[in-house]
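Listed below, chain by chain, are the residues.
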Amino acid sequence: MAYWHRTAPHTFTPTEHVGGAWDLATQHIAPALGVLAHEVETDRDRRRHDGLVVSRLSYDIFGTVPIEPIDVSVEVLRPGRTIELVQATASHGGRTVVVLRAWLAEPYDTTPLAGTDLPSIPSADEMEPWDMAGLWRGGFIASLEVRRKELGPGRSMVWVRTPHALVADEPVSRLAAVAGLVDVTNGIAVRADPGEVAFPNLDLTAHFLHAPAEGWLGLDTTQSYGPGGIGVTSSKMHDEDGPLGTIAQTLTVRP
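Residues numbered from 1 in each chain as written. Predicted model: local features only at pLDDT ≥ 70, side-chain atom pairs only at ≥ 80, totals over all residues. Heavy atoms only, no water.

## Here's the deal with the overall build of the chain
Next, step 1: In terms of regular secondary structure, the chain is built from three helices and 14 strands.
Next, step 2: Here the C-alpha radius of gyration of the chain, 17 Å, is about what a compact globule of 255 residues would show, namely 18 Å.
Next, step 3: Dimensions of the chain, computed from the C-alpha atoms along their principal axes, are close to 50 × 45 × 40 Å.
Next, step 4: A buried classification covers 50% of the 255 residues belonging to the chain.
Next, step 5: Of all intrachain contacts in the chain linking residues separated by at least 6 positions in sequence, the fraction that spans at least 24 positions is 68%.
Next, step 6: Accessible surface, the chain: about 11800 Å² in total, of which carbon and sulfur atoms supply 53%.
Next, step 7: Computed over 20 positive and 32 negative side-chain charges, the inter-centroid distance for the chain is 5 Å. (Helix = DSSP H or I, 4+ residues; strand = E, 2+ residues; numbered from the N terminus. Rg over C-alpha atoms; globule rule 2.2 N^0.38 Å. Buried < 20%, exposed > 50% of the residue type's maximum accessible area, 1.4 Å probe, protein only. Contact = heavy atoms within 4.5 Å. Areas by Shrake-Rupley, 256 points an atom, 1.4 Å probe, with all protein chains shown as cover. Lys, Arg positive; Asp, Glu negative; His and termini not counted. Charge placed at Lys NZ, Arg CZ, Asp CG, Glu CD.)

Have a look at this one:
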């Protein structure tokens, strides 16, 4: 009951829960994003023990990947005592499929300064269950529990969670588990029928105010299309304690 098994030191083999959603023969990229974040944190913990925290995850998606194993490599691009920029690369058959650049920073106690004007959203108990698999195909979407409040074309609020571990038989942080869910945001507030219009995302950048809490992940999402084939999906992330950060995705819109 996991999305991935580690089958070699830097190789991950997917389960049936990784499939879809545009093409059943390829992976939904969301679980791979979680694996990359997990490997960044695993590499950090192997190298140092001073508690640097992830503040940003920025992914570039190079293409689709079949439901087959991926290899992950990690390198430190900008080492530092209090700040690091770390890159993780997922490849399949020697071809790069996703690159993550993550900023890690030394934590400080800023409790007296903490605050945001990001609005809260209704709780999961205040939203109705939504059968996301009725709109999207594949094992990944089928693995999710979703509550949704639709506000109009391209505008929705949802809470999402999964009973499945990101990687079988090894500890995974809540941040990495959340990273394995955030790509779902492009499919929860669609402006067009995905059976008639394709709008896959080319990237995803998530900024975090703090480490996510356990429980539901909330996404307050707006999807926008420009007149020339480019779109943006933007979300405000929440955990059950309140606003958590933001997400942005570049879309290629193809009628």
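Okay, back to it.
## Things to note about the side chain of R44
Next, step 1: With respect to the helices and strands, the residue R44 is situated in helix α1 (residues 29-47).
Next, step 2: Overall, R44 belongs to the buried group, its relative accessible area being 13%.
Next, step 3: Polar side-chain contacts of R44 include one of 2.8 Å to the side chain of D45.
Next, step 4: Among residues more than four places away in sequence, those in contact with R44 are L52, V53 and L104. (Polar contact = N/O pair within 3.5 Å; in protein donor to acceptor, adjacent residues only side chain to side chain.)

## As for the UniProt feature "domain: Acyl-CoA thioesterase-like N-terminal HotDog" (unreviewed entry) in the chain
Next, step 1: UniProt's entry tags residues 21-104 with the feature "domain: Acyl-CoA thioesterase-like N-terminal HotDog" (unreviewed entry), counted in the numbering of this structure.
Next, step 2: Secondary structure across residues 21-104 comprises 23% helix and 45% strand; the distance between its end C-alpha atoms is 31 Å. (UniProt positions renumbered as here; feature names shortened; annotations may be inferred.)

## Topic: the pattern of salt bridges
Next, step 1: Taken as a whole, this structure holds 14 salt bridges when the rule is applied.
Next, step 2: Across the salt bridge formed by D43 and R46, the nearest N and O atoms sit 3.9 Å from each other. Of this pair, D43 and R46 both sit in helix α1, three residues apart, which is roughly one turn of the helix.
Next, step 3: Overall, the relative accessible area of 12% leaves D43 in the buried class. (Salt bridge = Lys/Arg side-chain N within 4 Å of Asp/Glu carboxyl O.)

## Topic: the environment of A114
Next, step 1: Within the secondary structure, A114 sits in the loop between β6 (95-105) and β7 (128-129).
Next, step 2: In sequence terms A114 and A124 are 10 residues apart; their C-alpha atoms lie 24 Å from each other.

## A look at the pairing of strand β14 (residues 242-252)
Within a regular strand, side chains alternate between the sheet's two faces.
Next, step 1: Burial analysis of β14 places eight of its 11 residues in the buried class, which makes it a mostly covered element.
Next, step 2: For strand β11 (residues 203-208) and β14, the ladder comprises four bridges, and the chain directions are antiparallel. What sits directly across from A206, in β14, is I247.
Next, step 3: Relative to β14, strand β13 (residues 230-239) runs antiparallel, the two sharing 10 bridges. Residue pairing in the sheet places D239 in a bridge with G242 of β14. (Pairing = 2+ DSSP bridges.)

## A few points about the side chain of R48
Next, step 1: Tracing the backbone shows R48 in the loop between α1 and β3 (53-61).
Next, step 2: A relative accessible area of 13% means that R48 is categorised as buried.
Next, step 3: At 2.9 Å, the side chain of R48 and the backbone oxygen of G80 are in polar contact.
Next, step 4: Among all residues touching R48, those that are not within four sequence positions of it are G80, R81 and E84.

## Some details on the nonpolar core
Next, step 1: Counting 63 residues, the largest nonpolar core has W4, L57, Y59, L144, V184 and L219 as its most contacted members.
Next, step 2: It is α1 that contributes the most residues to this core, eight residues altogether.
Next, step 3: Excluding residues that lie within four positions of it along the chain, Y59 makes contacts with L33, L36, A37, V98, V99, L100, A179, D203 and L204.
Next, step 4: In this structure, I121, A124, W159 and W216 belong to the second largest nonpolar core, which totals six residues. (Core = buried A, V, L, I, M, F, W, Y, C linked by side-chain atoms within 4.5 Å.)

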